[in-house]
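One-letter residues, chain by chain:
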Amino acid sequence: MDKLELAEQIAVLSGCLYLSWKIVKYVWSFLDVEEDPVTVLVTGAAGQIGYALVPMIARGEMLGTNQPVILHLLDIEPAAEALNAVKMELIDSAFPLLKGVVATTNVVEACTDVDIAIMAQAAALEQHASSNCKVLLVANPANTNALILKEFAPSIPEDNITCLTRLDHNRALGQISERLNVHVNDVKNVIIWGNHSSTQYPDVNHATVSTDKGTKSVRELVNNDQWLNTEFVTTVQQRGAAIIKSRKSSSAFSAASSACDHIRDWVLGTPKGTWVSMGVYSDGSYGVQPGLIYSFPVTCEKGEWSIVQGLKIDEFSRAKMDATAEELIEEKALAYSCLN
């Protein structure tokens, strides 16, 4: 067999393999193949955020519309009756993706075999959760709570322990959207640096807006550095307090929605060219002390997050980033002093 005949046979074989793969893929698309359910723990499930969050998870807003879930709902004993009512409502809603609900005041039962934990219990997760459990801390002080959980659940990988700053990220997107009168989906790549507190730094220096004339920077379109460096920053920093003042209660469905966004992007991945803000374990990036749980811009792929590197930091931003880091260092020292 000469080289030409061999090349022809290889080409034919490659074509047959490609065609076979296309046929299998086409047939598979018509089969009703169901994913294994993911077990999600929500603590404080009878509270405001938990009550808003659980139907979002059951509907597929967190893990996708093809991913079945089992919900583990945990609350304290005085809330047991209200917790059972949440379970009843979930059953009454007949969510197709919901494959089971456990409503309990028993921490061990709630944490057993969970894959994702929101507003978590450290010791029980350490002993009973799945080995690769992903954890999201929501309750304040969220960053330092995540750090404490890391100490009490050492078997959970440090990269799997995060805190919620996506709410602040979404608030920043909303403020820019309102200011420019554009759809919020057209705004991307704001950053929340640091603590989920009034020292956080909402940064738009790398943020962009999609327009009819192409992608433009937020600073160019707003054309008002004074507003961006003052009123915008304080509005995002103090948005939670403003909501409490207005409704006499803390943010609920916006926090729940942001928790869904956080987990969804972490598990399913961020869109290409887009980053989000997550409170994650610092590796020293951008001069932030290693070992803090600090909000960074991150991209996510295949269930893993990565801090966006190489962003230019101006003098104004540096000062803001350092100030919020100092607060986290103080919180860490105080928390550890109480534990020792």
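Starting from 1, residues in each chain are numbered consecutively following that chain's sequence as written. Per-residue local features are limited, in this predicted model, to residues with pLDDT of at least 70; the limit for side-chain atom pairs, both in listing and counting, is 80 or more; totals at the level of whole chains, interfaces and linings are taken over all residues. Side-chain numbers come from the whole structure's heavy atoms, not from hydrogens or water.

**So, the packing of helix H7 (residues 166-180) against helix H12 (residues 253-268)**
What counts, and what does not: Every axis in this analysis is a line fitted to C-alpha atoms, fitted for helices over the stretch in contact. Angles between the N-to-C directions lie between 0 and 180 degrees. Numbered from the N terminus, helices here are DSSP runs of H or I no shorter than four residues, and strands are runs of E no shorter than two. The scheme is simple: roughly parallel for angles under 35 degrees, roughly antiparallel for over 145, roughly perpendicular for 65 to 115, oblique for anything else. Should any heavy atoms of two residues lie within 4.5 Å, those residues are counted as being in contact. Residue type decides the class: Asp, Glu, Lys and Arg count as charged, Ala, Val, Leu, Ile, Met, Phe, Trp, Tyr, Cys and Pro as nonpolar, and the leftover types, Gly among them, as polar.
Interaxial distance between H7 and H12 falls to 8 Å at its minimum, and their mutual angle equals 105°. Here H7 lies roughly perpendicular to H12, going by the angle between them. Mapping the contact onto sequence places Arg166, Leu167 and Asn170 in H7 and Ser254, Ala255, Ser258, Asp261, His262, Arg264 and Asp265 in H12. Classifying every residue of the contact of H7 with H12 by side-chain character gives two nonpolar, four polar and four charged.

**Observations regarding the pattern of salt bridges**
Where charged atoms of side chains with opposite charge meet at close range, the side chains can pair. Note the following rule: By convention in these notes, a salt bridge is any Lys or Arg side-chain nitrogen within 4 Å of a carboxyl oxygen on Asp or Glu. Whether a residue is buried, partly exposed or exposed follows from its accessible area with a 1.4 Å probe, protein chains only, as a fraction of its type maximum: under 20%, in between, or over 50%, in that order.
With the rule as written, the count across this model stands at seven salt bridges. Between arginine 59 and glutamate 61 there is a salt bridge whose closest N-O contact spans 2.9 Å. Taking the relative accessible area as the measure of exposure, arginine 59 reaches 44% and is therefore partly exposed. A relative accessible area of 33% places glutamate 61 in the partly exposed class. The closest approach of N and O atoms between aspartate 265 and arginine 166, which form a salt bridge, is 2.8 Å. Taken together, the positions of aspartate 265 in helix H12 and arginine 166 in helix H7 put the pair 99 residues apart, joining distant regions of the chain.

**Quick notes on the UniProt feature "binding site: NAD(+)" (unreviewed entry) in the protein**
Quick reminder of the rule: UniProt positions are given in the numbering used here, feature names are shortened, and annotations may be inferred rather than shown by experiment.
In the UniProt entry, the feature "binding site: NAD(+)" (unreviewed entry) is given for Gly44, Ala45, Ala46, Gly47, Gln48, Ile49, Gly50, Asp75, Val138, Ala139 and Asn140. Looking at the secondary structure, you find alanine 46 in the loop between strand E1 (38-43) and helix H2 (48-59). The contact partners of alanine 46, leaving out residues within four places of it in the chain, are Asp75, Ala79, Ala82, Leu83 and Val86. One can find asparagine 140 in the loop between strand E5 (134-137) and helix H6 (142-152). Among all residues touching asparagine 140, those that are not within four sequence positions of it are Asn145 and His196.

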